[in-house]
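Single-letter residue listing:
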Amino acid sequence: MDPCTRRAFIKGGALSALGIGLDGMPRFLLRAAAAQGTAARRKTLIAVFQRGAVDGLSMVVPHGDPDYYGARGAIAIARPASGQPETTVDLDGFFGLHPALSPLKPLWDARRLAIVHACGSPDITRSHFDAQDYMESGTPGVKSTADGWLARGLQATPRASSCPFRAVAMGPQLPRVLRGAGAVAMGSIAEFDVGGASMTGAVDARRGFESMYEQGVRDLLYGTGKETFEAVKMLKAAAPQRLAPANGAQYPRGRFGDSLKQIAQLIRADVGVEVAFADVGGWDTHAGQGNERGQLANRLGDFAQGLAALERDLGDRMDDVVVLTMSEFGRTVRENGNRGTDHGHATAMLVLGGPVRGGAVYGRWPGLRRDQLFEGRDLAVTTDFRALFAEVALRHLGVGPTAPLFPGFTVKTSGFPGVLV
Amino acid sequence: MRPLEPRRAYAVLAPGLLALALLSGCSSRPPAGAGGHAPPAPRARIVEPPPRYRVTLAASTLREDQRILHVLNRLGYGPRPGDLERVRQMGVERWIERQLEPERIPDTALEAALGDYPVLAMSAADLYRDYPPPRQQDVQRFQSGQMTPQEIREVFPPERRPAVINAQLQSAKMARAVLSERQLQEVMVDFWFNHFNVYALKGPVRWMTAAYEREAIRPHALGRFRDLVVATAHHPAMLYYLDNWLSTRDDLVVPGRGRRGLNENYARELLELHTLGVDGGYSQQDVVEVARCFTGWTIERPQQGGGYLFRPLAHDRNAKRVLGTTIPAGGGKEDGLAVIDLLARHPSTARFIATKLVRRFVRDDPPKALVDRVAGVFRKTDGDIRAVLVAIFTSPEFISADTYHAKTKTPLEVVTSAVRALDGRLEPPPAPGAPARVVGGGLTLARQVARLSAPLYEAQPPTGYPDVAEAWVNAGALLGRMNYALALAENRLPGVRTDVGRFLQGVDRRQPAALLDRIVSVVLQGEISASTRRVLVSQLDSPEIVRATADDRGPRNTDVEKLAALVLGSPEFQRR
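Note that this is a predicted model, so its numbers are computed, not measured.

A. Structural view of the packing of aromatic side chains. Enumeration according to the criterion identifies 27 aromatic pairs over all chains in this entry. Here the aromatic rings of Tyr266 of chain B and Phe294 of chain B are separated by 5.4 Å at their centres, their planes lie at 85°, and the arrangement is edge-to-face. With Tyr266 of chain B in helix H14 (residues 265–275) and Phe294 of chain B in the loop between helix H15 (284–293) and strand S5 (297–299), this residue pair connects regions lying 28 residues apart in the sequence. Each member of the pair, Tyr266 of chain B together with Phe294 of chain B, is buried. Taken together through their ring pairs, the aromatic side chains of Trp149, Phe385, Phe389, Phe406 and Phe409 of chain A make up a single cluster. We note Lys173 of chain B situated over the ring of Tyr457 of chain B; from NZ or CZ to the ring centre the distance is 5.6 Å. Sitting over the face of the ring of Phe361 of chain B, Arg360 of chain B holds its NZ or CZ atom 5.0 Å from the ring centroid.

B. Here's a closer look at the layout of surface pockets. All names here are of chain B. Looking at the second largest pocket, its volume works out to about 1000 Å³. What lines the second largest pocket is a set of 33 residues, among which Pro158, Glu159, Val164, Ala167 and Pro430 lie closest to the centre. Among the secondary structure elements, those contributing two or more residues to the lining of the second largest pocket are helix H9 (163–179) and helix H22 (441–451). It is H9 that provides the largest number of residues to the lining of the second largest pocket, a total of eight residues. The residue inventory of the lining of the second largest pocket, partitioned by class, reads 20 nonpolar, six polar and seven charged.

C. Structural detail: the confidence of the model for chain B. In this model, chain B carries an average pLDDT of 88, and 89% of its residues clear a pLDDT of 70 or more. The ipTM, which scores confidence in the relative placement of chains, is 0.78 for this predicted complex, and the corresponding pTM is 0.81.

D. Region of the structure containing the pairing of strand S8 (residues 275–280) of chain A. Residue and element names in this part refer to chain A. For S8, the buried fraction is high: six of the six residues fall into the buried class. Side-chain alternation along S8 places Val275, Phe277 and Asp279 on one buried face and Ala276, Ala278 and Val280 on a second face that is also buried. As paired strands, strand S1 (residues 44–50) and S8 are joined by six bridges and run parallel to one another. If you follow Val48 over to S8, its bridge partner there is Ala278. In this structure, strand S6 (residues 167–170) lies alongside S8, joined through three bridges in parallel fashion. Of the residues in S8, the one forming a bridge with Val168 is Ala276.

E. The nonpolar core, seen in detail. Among the nonpolar cores identified, the biggest contains 245 residues, and Phe165 of chain A together with Met188 and Trp192 of chain B are the most heavily contacted of them. Sorting elements by how many residues they give to this core places helix H24 (residues 475–489) of chain B first, with ten residues. If we skip the residues at most four places from it in the chain, Phe165 of chain A touches Val184, Met186, Phe192, Ala231, Met234, Leu235, Val271, Gly272, Val273 and Glu274 of chain A. Ala47, Phe277, Val322 and Met349 of chain A belong to the second largest nonpolar core, which has 42 residues in total.

F. Summary view of the interface of chain A and chain B. Contact with chain A, which involves 53 residues of that partner, is made by 56 residues of chain B. Of the roughly 4400 Å² buried at the junction of chain A and chain B (both faces included), carbon and sulfur atoms supply 56%. Among the ionic pairs, Glu470 of chain B bridges to Arg179 of chain A, the shortest N-O distance being 3.1 Å. Inspection of the region where chain A meets chain B yields twelve residue pairs in polar contact (both at pLDDT 80 or more). Within the residue set of the side of chain A that touches chain B, elements represented by two or more residues are helix H6 (128–137), strand S7 (184–186), helix H8 (202–213) and helix H9 (220–238) of chain A. When the residues that make up the side of chain A that touches chain B are grouped by side-chain class, the tally is 19 nonpolar, 18 polar and 16 charged.

G. Representation of helix H3 (residues 83–90) of chain B. All names here are of chain B. Every buried residue belonging to H3 is among Asp83, Leu84, Val87 and Met90, and all of these are buried. Along H3, the residues classed as buried sweep out an arc of 135° about the axis, all on the same side. In this structure, the buried residues of H3 make contact with helix H2 (64–75), helix H4 (92–99) and helix H21 (411–421). Following H3 by one or two positions, Gly91 has its phi on the positive side, about 100°.

H. Expanded view of the packing of H21 of chain B against H24 of chain B. All names here are of chain B. Where H21 meets H24, the closest approach of the two axes is 11 Å, and the angle between their N-to-C directions is 20°. By the angle between their axes, H21 is roughly parallel relative to H24. The two elements H21 and H24 cross, and the hand of that crossing is right-handed. In contact with Pro411, Val414, Val415, Ala418 and Val419 of H21, H24 contributes Arg481, Tyr484 and Leu488.

I. Unusual backbone geometry, seen in detail. Even without being a glycine, Asp270 of chain A presents a positive backbone phi close to 55°. As for its placement among the helices and strands, Asp270 of chain A is situated in the loop between helix H10 (255–268) and S8. Positive phi, normally seen in glycine, also occurs at Leu323 of chain B, with a value near 50°. Along the polypeptide, Leu323 of chain B turns up in the loop between strand S7 (320–322) and strand S8 (325–327).

J. Region of the structure containing the pairing of strand S9 (residues 321–326) of chain A. Residue and element names in this part refer to chain A. The buried fraction of S9 is high, at six of six residues. Burial along S9 is two-sided: the residues Val321, Val323 and Thr325 and Val322, Leu324 and Met326 are all buried. Two elements, S9 and strand S10 (residues 347–353), share three bridges in a ladder whose sense is antiparallel. Looking at S10, one finds that Leu324 is bridged to Val351.

Definitions and limits used
- Residues numbered from 1 in each chain as written.
- Chains lettered and ligands numbered in written order.
- Predicted model: local features only at pLDDT ≥ 70, side-chain atom pairs only at ≥ 80, totals over all residues.
- Heavy atoms only, no water.
- Phe/Tyr/Trp six-rings, centres within 6.5 Å; stacked < 30°, edge-to-face > 60°.
- Helix = DSSP H or I, 4+ residues; strand = E, 2+ residues; numbered from the N terminus.
- Buried < 20%, exposed > 50% of the residue type's maximum accessible area, 1.4 Å probe, protein only.
- Lys NZ or Arg CZ within 6 Å of the ring centre and 35° of its normal.
- 1 Å grid on protein atoms, 1.4 Å probe; cavity = no way out; pocket = protein on both sides within 12 Å on 5 of 7 lines; lining within 4 Å.
- Points joined across faces, edges and corners; volume = space filled by probe spheres on them.
- Nonpolar A, V, L, I, M, F, W, Y, C, P; charged D, E, K, R; others polar.
- pLDDT = per-residue confidence, 0-100.
- Pairing = 2+ DSSP bridges.
- Core = buried A, V, L, I, M, F, W, Y, C linked by side-chain atoms within 4.5 Å.
- Contact = heavy atoms within 4.5 Å.
- Buried area = accessible area lost by both parts, 1.4 Å probe.
- Salt bridge = Lys/Arg side-chain N within 4 Å of Asp/Glu carboxyl O.
- Polar contact = N/O pair within 3.5 Å; in protein donor to acceptor, adjacent residues only side chain to side chain.
- Arc of directions from axis to C-beta.
- Axes fitted to C-alpha atoms, helices over the stretch in contact; angles between N-to-C directions.
- Parallel < 35°, antiparallel > 145°, perpendicular 65-115°, else oblique.
- Left-handed = near helix turned anticlockwise from the far one by under 90°.

Below you can see the structure in the form of structure tokens.
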């Protein structure tokens, strides 16, 4: 039996013993699963996409760069001043966190948070749509790629299996990055069933739909339907929604917090999650971006509280979890005419979790002097996002070095930023 | 899809036109579906003018009924019971021709229903006055917990909140999709709104969206492409959504308020999403130059529903160079119009718009040869949208057997087509003061569309919603569709009344196979795969579908609602 289902079967067995029942599951399978005991823990990657191009220069502030405060007027984040809450939270004397990210400072101090700055795509597009597409397909400049890099990575792991929840995206649409992996997308755990709990006859309708969608698997609709019902049955057995946040974790209200909370529930319910994906929007700050307070600060606050809650909730499971954040590009170094920033080039990405060599900012800093900027206006890219993502895929998920993770890009361990142990 | 009505005949003033009408044989065509009565004799001076666009479908291996279904599914939101017969009588080509001239199709049922949504006709300023935002001091009091829910309702009554606007807009959009006889027009309004998307929840855009659709999109949905660009470029909703209202010449300093400058947001999306397409051959420098051309295009009092305003002081008066064309210094407001002319006539725009329309009406991967031909028509007619549509509808690709059922319905399409298939009735929105649980049918349907992840007027990115199956087919969404089918068929959606039993009159309730045949005929016009039919037939024996009566002696009762739900949730119904 596939290890991904063990725990779910065990729990299902317990329910059956109580007379609650688990439709359609043969008893001998339940007993076999129970006999095998707890599955070895798997490695999990949680990818978080900040859609809309986050301003890396406000998120991780290069306060030691002599040109930062000159280039940014009203939207600059104040220099670190110890004891003053609304200033940059210094990390290493040169970089610091936006004050709204202070919930992440303890993770930095515990060396579980690393930052890769001046990271981005070699492609120069400033289109959100194209840049997100390239970052998810993993092929900058090539639009014809059908699948996503995480989907390709999952297919190339040694533990490749067909767990329905191996790859799961929280949200209504399956993101490009997971296309081709048979990933599950769900708006919420609670709604992931036919009929809902209170409806009589729901099980029956589910069986009818299930048989209809079982017919031909070669087509997108049928294939998805089939995966859907496997996932529904498994989730019913595992009942992850019963797991309240642990260790006093408090998720921020809203869709992002809900997504992370449910990802934690799925991981804690041991349904076999290897890759989880969540996205969070609101970063396209063309006007009224704000500084220590304001529009961007509010988004960053939500972002940091969510990540900190996730880390706390997962507790010692974080030893096997890496959280990787990404955004399609950064924003102009110079403030625009509306106290905002336009589309730029490089940004900053965060990596957190037990396997992370944290407490350091990785990547070469290209500088903010005008002649150091990309096209005279944007932070230059010194770390190709593929080098960072490849390191996470190979070192953490165990993807083989020859896997076609990033077609057209040679993955060399010597080119890794070095964020993972 | 009501057929020709004799009383909507037109007085013909020009004798030439009359001759043309008679030659085309229009006046002698019997009005289809007129209840078996003989058509009134044509009167000498009153005939219906001939259609402006002639449509002849290409040859196809599809049967006639399949061709009609295909057209009803592609040009509209799917057939209602009886539509197939009505269009068959009229002739499917004639039906398409009429859809291309929606102003000639009576739409009285819809017009009556839209009377429930006063927001549709209101200006942004009036909406701001009638549905104002809460005052800042009140917000602080709500949030600090100083007020009881009752006090909040008094200070900020639910029926005067800004959220009412979007609820009415969404309801009206559903009513139109479900009820309108002018189906193609509604499809095109949706298409262009999505193409020139604005996000109704971005700040004051919520007060501007009704006017945006009414003034900038709807009048031009079957008109000229350039007019759409001009209208959207001027509209406060677009100026606000893509920040152009803030964009000024780079060296502008407002006394006491500091430096202003260029904002590239609108310029970039105008090039990438509205006209040329991302590969349309423009550079970052073109984005900057276009942004400079549109400096000074702003909004008067944006927070209170003001209109378009050109501010000469904010405009960059220097010369610009866009896509190799020089726009001389001192052009003022005309700079933006010059850019729009350049873009609307650019070959990349013709190709980009042709690609999107072919993707909407034909298939997810648009056939290149068809896109080329359609782009040619776009260029030749200077962006005449109807001519472009005719080129698509009359193409062999449109009507080919490969194209039949090749598209997966979007959330809006699946929700709407299911209500139409069951001839569901939408109850009007409740009067003010009604209990909160009373919801109009339009709003209920809009909420279902939102649950399937495409909330109306609330697509945040400027790309709008995608139009390919991959975006909509995933585990969670598929379950959502099945749940919707169950709720709709079982008549459990507030304000949406369905009655599956109505279609089963004359069928013996003890004969589940006959009932299934009837349901498949009503919902799918019999177009069902052998495997799906097999599964449904096998369900007929299950105890939840066929219930014995309590004493086990009376007639068995078939759960026809559940059966209908299975058909509505079938793979076949997810396609169009």
